[in-house]
Amino acid sequence: MDADLKPLRAQIDALDRQLLDLLNQRAKLAQQIGEHKQRLDMPVFRPEREREVIAKVQQANTGPLHGTGIAAIWREIMSACRALEARQQIAFLGPEGTYSEQAARQFFGSSCAFLPCADLDEVFRSQLSGASAYAVVAIENSTEGAVARTLDLLLAHPVLISGEISLAIHHNLLRKRPGTDGIRAVLAHPQALAQCRQWLDAHLPAIERRAVASNAEGARLAAQDETLAAIAGEQAASQYLLHIAAARIQDEAQNRTRFVVLGTQTPQPTGHDRTSLILSVPNRAGAVFEMLKPLAEHGVSMSRFESRPARSGAWEYFYYIDLEGHQDDPPVRQALDELRRACAFFKNLGSYPIWQE
Ligand SMILES: O=C(O)C(=O)C[C@]1(C(=O)O)C=C[C@@H](O)C=C1
């Protein structure tokens, strides 16, 4: 009975008052930091500091709260404190309800303005023009590989990567009513259709698969027509008031997407950082081997190696390389100096903290 809960709830109420006082004390300190940053024209958002804050509270945590819960709470606390320093806009690939929006909200917390953009080009433009302080774009999926348009735009524009976030992606079949009877077409982004191929082959083999600009766009259309189903996340289900006709239909249970955060600053080293580069070498025997030599010589690990055609017609490629470490760490700095000298093309997209759940 609720009456039995009364004394415990009274204790929670008293603690909440204390928490509120403490949070407001914390917010006042963030405001003072904000004034200082404004005087010195320093960036408000400091991902390396936020990472440190979360690591410290997780280390101090004796439970029963879990580390992931602690991280989520502190991300929101810092988002609210950050908003007192400056309210920033974050661009992402819309419409509302996409995984990109989920990544943007998880990374920056909810005390920001979020701008859904029509396509990836517009997401980049919004950040480059300064209309948005940051942008969040998908770069690779563990099942389907690289997001080609993102790679091309990273090459074409003068952008810096200020952070990353990796999300577990659970696809669901969404529609206006429960069950799969009467579905005429399944709508989703081509990547999501590909990630659910086996499930669709087994459960809806004769049904049309229609590629649309985003999963959320598919969900929006499915909300208007009973004969359409969409593949999308739970966020899209609640956004467009759809039923989950089948849950977790992706072929790989461990399906994840990595997103990068585009900004104007390179965060300071945290000891757990990644550096992203785009390189190119002439098309001759041994050139790629030579290109990678400085990394081996300085003991720098490579966590990703991806190639895209250079469209020169000469079988030349751009190589997208992620290194472990920060560009200010001496071994990485030395390797970068040598790569800069040796490569026909060298672009440093910057160093940023590795995402921590
Ligand atoms: O330490 C800072 O630079 C702050 O502005 C404070 C704070 C926080 O709330 O802890 C807020 C925003 C920054 O991104 C980092 C941390």
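All values reported here derive from a predicted model rather than from experimental measurement.

Undergrad: I'd like a rundown of the packing of helix 5 (residues 120-128) against helix 6 (residues 148-156), residues and numbers included.
TA: Here helix 5 crosses helix 6 at 35 degrees, and the two axes come no closer than 10 Å. Every pair of crossing elements has a handedness; the one defined by helix 5 and helix 6 is right-handed. Contact residues: helix 5 offers L120, D121 and F124, while helix 6 offers R149, T150 and L153.

Undergrad: So, the UniProt feature "site: Essential for prephenate dehydratase activity" (unreviewed entry) in the protein chain: which residues are in play, and what are the values?
TA: Look at the UniProt record and you will see "site: Essential for prephenate dehydratase activity" (unreviewed entry) annotated at T257. Relative to the helices and strands, T257 resides in strand 11 (residues 256-263). The exposure class assigned to T257 is buried, which follows from the 23 C-beta atoms found within 10 Å. Leaving out residues up to four positions away in the same chain, T257 has contacts with Y99, A138, N141, L167 and I169.

Undergrad: Any chance you could break down the nonpolar core for me, citing the residues and the numbers?
TA: Grouped together as the largest cluster of nonpolar side chains are 48 residues, with contacts concentrated most on I90, F92, V123, A135, V136, V137 and L262. Among the elements that take part in this core, strand 3 (residues 134-141) stands out by supplying 6 residues, more than any other. The residues touching A135, leaving out its near neighbours within four places in the chain, are I90, A91, F92, V123, F124, S126, Q127 and L262. Membership of the second largest hydrophobic core comes to 24 residues, among which are A216, A237, A245 and I249.

Undergrad: So what's going on with the sheet that holds strand 6 (residues 172-175)? Which residues, and what values?
TA: Taken in spatial order, the 5 strands of this open sheet run 8-7-9-6-10, and their pairing is mixed. Single-partner strands in this sheet number two, and they are strand 8 (208-211) and strand 10 (243-246). Put simply, the sheet's adjacent strands are angled 35 degrees from each other on average, direction ignored. With 3 bridges connecting them, strand 6 and strand 10 associate as antiparallel partners. Counted as the bridge partner of L173 is A246 from strand 10. Where helix 9 (residues 215-222) meets the sheet, it contacts strand 6, strand 7 (185-188) and strand 9 (228-232), and its direction lies at approximately 150 degrees from that of strand 9.

Undergrad: Please give an account of the site of the ligand that cites residues and values.
TA: What surrounds the ligand is the set A30, I33, F45, R46, R49, E50, V53, M78, C81, R82 and E85. When residues of the shell around the ligand are traced back to their parent elements, those giving at least two are helix 1 (2-40), helix 2 (47-60) and helix 3 (67-85). With 4 residues, helix 3 is the single largest residue contributor to the shell around the ligand. A per-class count over the shell around the ligand returns 6 nonpolar, no polar and 5 charged.

Undergrad: Describe the domain arrangement of the protein chain, naming the residues involved and giving the relevant values.
TA: With domains assigned, the protein chain is organised as domain 1 (23-85), domain 2 (89-165), domain 3 (172-246) and domain 4 (266-353). Using C-alpha coordinates to define each centre, domain 1 is positioned 22 Å away from domain 2. On the domain 2 side, the residues contacting the 8 residues of domain 1 number 7 residues. Top contributing element to the side of domain 1 that touches domain 2 by residue count: helix 3, with 7 residues. Here the side of domain 1 that touches domain 2 is built from residues that sort into 4 nonpolar, 1 polar and 3 charged.

Undergrad: Any details on the sheet that holds strand 12 (residues 273-280)? Residues and values, ideally.
TA: Strand order in the open sheet formed by 4 strands is 13-14-12-15, and the pairing between neighbours is antiparallel. Unpaired on one side and paired on the other, strand 13 (302-309) and strand 15 (345-353) mark the two borders of the sheet. Direction aside, the axes of adjacent strands within the sheet are offset by 15 degrees on average. Bridge analysis of strand 12 against strand 14 (residues 317-324) gives 6 bridges, and the strand direction is antiparallel. If you follow I278 over to strand 14, its bridge partner there is Y320. On the sheet, helix 6 packs against strand 12, strand 13, strand 14 and strand 15 and is oriented at approximately 90 degrees with respect to strand 13.

Undergrad: For the environment of T270, give the residues involved together with the corresponding values.
TA: Turning to its location among the elements, T270 is positioned in the loop between strand 11 and strand 12. Sequence separation between T270 and E52 is 218 residues, and the spatial gap between their C-alpha atoms is 7.5 Å. Setting aside residues up to four positions removed in sequence, T270 forms contacts with E48, R51, E52 and P353.

Undergrad: Can you break down the pairing of strand 3 residue by residue, with the values?
TA: Of all 8 residues that make up strand 3, 8 are buried, and the element is covered over most of its length. Relative to strand 3, strand 1 (residues 89-93) runs parallel, the two being bridged by 3 bridges. Residue F92 lies in a different strand from strand 3, and its bridge partner there is V136. By the bridge criterion, 6 bridges tie strand 3 to strand 11 in an arrangement that is antiparallel. For V136, the partnering residue across the bridge sits in strand 11 and is V261. Pairing geometry for strand 3 and strand 4 (residues 145-146), over 2 bridges, is antiparallel. Residue E140 lies in a different strand from strand 4, and its bridge partner there is A146. The hairpin turn running from strand 3 into strand 4, its antiparallel successor, is 3 residues long.

Undergrad: Residue-level account of the confidence of the model for the protein chain, with values.
TA: Chain-level pLDDT for the protein chain is 94 on average; 100% of the residues reach the 70-or-more range. Per-residue pLDDT, averaged within each element of the protein chain, yields its smallest value for helix 10 (residues 234-239) (88) and its largest for strand 7 (98). Note on the complex model: pTM 0.89, ipTM 0.99.

What counts and how
Along each chain, residues carry numbers from 1 onward, in the same order as the chain's sequence is written. Owing to the predicted nature of the model, reporting of local features is limited to residues with pLDDT of at least 70; listing and counting of side-chain atom pairs is limited to 80 or more, with chain, interface and lining totals taken over all residues. For helices, the fitted axis covers only the stretch in contact; all axes are lines through C-alpha atoms, and the angles between them, taken along N-to-C directions, range from 0 to 180 degrees. Helix and strand assignments follow DSSP, with helices taken as H or I runs no shorter than four residues and strands as E runs no shorter than two, numbered in order from the N terminus. Should the near helix be turned anticlockwise from the far one by less than a right angle, the crossing is left-handed, and should it be turned clockwise, the crossing is right-handed. Here, residue contact means that the backbone-derived C-beta atoms of the two residues sit within 7 Å. UniProt positions are given in the numbering used here, feature names are shortened, and annotations may be inferred rather than shown by experiment. We call a residue exposed when 12 or fewer other C-beta atoms sit within 10 Å of its C-beta, buried when the count reaches 20 or more, and partly exposed for counts in between; the C-beta positions come from the backbone. Think of a nonpolar core as buried Ala, Val, Leu, Ile, Met, Phe, Trp, Tyr and Cys residues, each tied to the set through C-beta atoms within 7 Å. Paired strands, in this sense, are two strands between which DSSP finds at least two bridges. We count a residue as near a molecule or strand when its backbone-placed C-beta atom lies within 6 Å of that partner. In this classification, Asp, Glu, Lys and Arg are treated as charged, Ala, Val, Leu, Ile, Met, Phe, Trp, Tyr, Cys and Pro as nonpolar, and every other residue, Gly included, as polar. For every domain, the bounds stem from an assignment made automatically or drawn from a database. Here pLDDT means the predictor's own confidence in every residue, given as a number from 0 to 100.

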